[in-house]
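Understanding the architecture of this molecule
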Amino acid sequence: MLSLQFIRQNADLVLESLAKRGESTMVIDRVIELDQQRRRLLHQSESLKARRNEVSKEIGALRSRGEMTAEIEEIILERTEEMRRVGREIKQLDGEIANIERQLDDLLLELPNLVHPTVPEGRDGSDNVVVRTWGEPRSFKFEPLPHWELGKRLDIIDFERGVKLSGSRFYILKGLGAKLQRALISFMLDLHITEHRYTEVYPPFMVKRECMVGSGNLPKFADNLYHDDEDDFWFVPTAEVPLTNLHRDEILEPGTLPLYYVAYTACFRREKMSAGKDTKGIKRGHQFDKVELYKLTEPEASDEELEKMVRDAEEACRRLGIPYRVLQLCSGDIGFAATKSYDIEMWAPGCGEWLEVSSCSNCGDFQARRANIRYRPEPGARPRFVHTLNGSGLALPRVVIALMENYQQKDGSIVVPEVLRLYMGCEVIR
């Protein structure tokens, strides 16, 4: 979140960032108005508390004289009555201040991160900038099929029974389809752990409310989250949520950073904002698997660490031999918690579209402030907020889609990429 002090001192910068995102700037006017009210009431309350302390000392001095005359008793009574009145005024002021602070907290939690100066301006995804591409789309001597047809023919995806079990946007992977999913997860975890030096974490798939607030999912995106009302558990929409909160309310000692984490989780999303979109196939579901990359770094290193994270995610695409492109997101398409983001998209010839398989973001100290994650640059130094970064490394099932459609053969079989053959125990899915 943005600090109140930062907004107070940099209101123009915050307004400019909101405008670049296409967000309303009216909330800043309200924040500034409430902040001024709060500071005025705080001054009144502190003045009254100072007066109360002053009179308390005066009464104590009068009592310590030993000789209690009628005049002194009258003064003490007057001062005591004044203190009762002052106490009531302080209580009322403190109540008003607490109410304003609650309103401010609510408003600050709804404000998105500042846009990084290097982010291109734009309204939506159509203004994103292609940074680089890798690989050439395959030229087919036959009409490539979409994955939903391939899955049915090979009996590795069962849409009907998925709907029977759980409703729309659910499906079943079976046989070599299930094994392919598992192979991809194992391959990606092994790559990032062994070669990119991430530490594996296997977190809970349900978290407390404060974890969702810390990562930036609550309160703004509550409608897109699955929630257990009885125990107030929230199903993770991405492993970013538990990984952000691993070090919540901690001060990391000098030399601890950077921290690299990788985690596999199932992810759960209502997809309310995507109603009616991508209803065919497995591109968009309420439950999907993802391997997540996460970093905690010193502020000065976060920009370069983002570039390295993108390269780590790209390496998984290259090992699979699937054409992809990297896009820098424009200001109107960047995520709520991010200050700068890149998307990686794989080419899916059966669908005839580029599919996002990774989104890598630098969140600056936005999440760290919400989750109160700090570090000491050196022994005895004042704690600073860390910078956090997250990215898919990679997200399924879109990798499954791209793999199936790129490696399909004329007879409907699918060649298994060489890097997965040890995990799969076969060379072709027939």
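This text follows the structure it describes.
Please read these numbers as outputs of a predicted model, since none were measured by experiment. (Residues numbered from 1 in each chain as written. Predicted model: local features only at pLDDT ≥ 70, side-chain atom pairs only at ≥ 80, totals over all residues. Heavy atoms only, no water.)

1. Here's the deal with the overall build of the protein chain
- On a plain count of helices and strands, the protein chain comes out with 13 helices and 18 strands.
- Here the protein chain has a C-alpha radius of gyration of 28 Å; the compact-globule value for 430 residues is 22 Å, and the former is much larger.
- Scored against the burial criterion, the 430 residues of the protein chain give a buried share of 49%.
- In the protein chain, of all internal contacts separated by at least 6 residues, the share reaching a separation of at least 24 is 73%.
- In the protein chain, the 61 positive side-chain charges and the 70 negative ones have mean positions that sit 3 Å from each other. (Helix = DSSP H or I, 4+ residues; strand = E, 2+ residues; numbered from the N terminus. Rg over C-alpha atoms; globule rule 2.2 N^0.38 Å. Buried < 20%, exposed > 50% of the residue type's maximum accessible area, 1.4 Å probe, protein only. Contact = heavy atoms within 4.5 Å. Lys, Arg positive; Asp, Glu negative; His and termini not counted. Charge placed at Lys NZ, Arg CZ, Asp CG, Glu CD.)

2. Description of the sheet that holds strand β5 (residues 206-207)
- Pairing within the open sheet is antiparallel, and its three strands lie in the order β5-β7-β6. Each edge of the open sheet carries a strand with a single partner, namely β5 and β6 (227-228).
- Pairing analysis gives two bridges linking β6 to strand β7 (residues 233-235), with the strands arranged antiparallel. Bridge assignment links H227 to a residue of β7, and that residue is W234. (Pairing = 2+ DSSP bridges.)

3. Overview of the environment of R63
- For R63, the location among the structural elements is in helix α3 (residues 26-63).
- Not counting the four nearest positions on each side in its chain, R63 is found in contact with M68 and I76.

4. Brief notes about the state of the cysteines
- Enumeration according to the criterion identifies zero disulfides in this entry.
- The closest cysteine sulfur to the non-disulfide-bonded C351 is located on C317, 16 Å from its own sulfur.
- C351 sits in the partly exposed class, given a relative accessible area of 24%. (Disulfide = S-S within 2.5 Å.)

5. Concerning the sheet that holds strand β11 (residues 324-328)
- Taking strand neighbours across the sheet as the criterion, the eight strands line up as β1-β11-β12-β13-β16-β10-β9-β4 in an open arrangement whose pairing is mixed. Edge positions in the sheet fall to β1 (129-134) and β4 (199-201), since each has one partner strand and no second. Pairs of neighbouring strands in the sheet enclose a mean axial angle of 25 degrees, with direction left out of account.
- Bridge count between β11 and strand β12 (residues 340-348): five bridges; the pairing is antiparallel. Across the sheet, the residue bridging to L327 is D343, located in β12.
- In this fold helix α7 (residues 176-194) packs onto β4, β9 (259-268), β10 (287-297) and β16 (387-395), with an angle of close to 5 degrees to the strand it touches most, β10.
- Contacts between helix α12 (residues 398-406) and the sheet are confined to β12, β13 (353-362) and β16, with β12 contributing the most and set at about 30 degrees to the helix. (Axes fitted to C-alpha atoms, helices over the stretch in contact; angles between N-to-C directions.)

6. Quick look at the packing of aromatic side chains
- In the structure shown here, the tally under the stated rule is nine aromatic pairs.
- Ring centres of F140 and F142 lie 5.3 Å apart, and the angle between their planes is 80 degrees; this geometry places the pair in the edge-to-face category. F142 shares its class with F140; the two are buried.
- Relative to Y264, the ring of F205 lies with its centre 6.4 Å away and its plane at 80 degrees, an arrangement referred to as edge-to-face. On the criterion of sequence distance, the pair formed by F205 in the loop between β4 and β5 and Y264 in strand β9 is long-range, its members being 59 residues apart.
- F205 gets classed as partly exposed once you look at its relative accessible area, which sits at 22%.
- These aromatic residues form a ring-pair network of at least three members: Y202, F205 and Y264.
- Its end group placed over the ring of Y260, K295 keeps NZ or CZ at 4.4 Å from the ring centre. (Phe/Tyr/Trp six-rings, centres within 6.5 Å; stacked < 30°, edge-to-face > 60°. Lys NZ or Arg CZ within 6 Å of the ring centre and 35° of its normal.)

7. Some remarks on the layout of surface pockets
- Taken as a whole, the second largest pocket spans an internal volume of roughly 450 Å³.
- Lining the second largest pocket are 24 residues, and of these F6, N113, L114, V115 and T339 sit closest to its centre.
- When residues of the lining of the second largest pocket are traced back to their parent elements, those giving at least two are α2 (11-21), α10 (302-320) and α11 (366-371).
- Broken down by element, the residue count for the lining of the second largest pocket peaks at four residues, all from α2.
- Classifying every residue of the lining of the second largest pocket by side-chain character gives ten nonpolar, nine polar and five charged. (1 Å grid on protein atoms, 1.4 Å probe; cavity = no way out; pocket = protein on both sides within 12 Å on 5 of 7 lines; lining within 4 Å. Points joined across faces, edges and corners; volume = space filled by probe spheres on them. Nonpolar A, V, L, I, M, F, W, Y, C, P; charged D, E, K, R; others polar.)

8. Some details on the side chain of S302
- Position of S302 relative to the elements: it lies in helix α10.
- Accessibility expressed as a relative area gives 2% for S302, which makes it buried.
- At 3.1 Å, the side chain of S302 and the side chain of N362 are in polar contact.
- For S302, the contacting residues outside a window of four places in its chain are T297, N362, H387 and L389. (Polar contact = N/O pair within 3.5 Å; in protein donor to acceptor, adjacent residues only side chain to side chain.)

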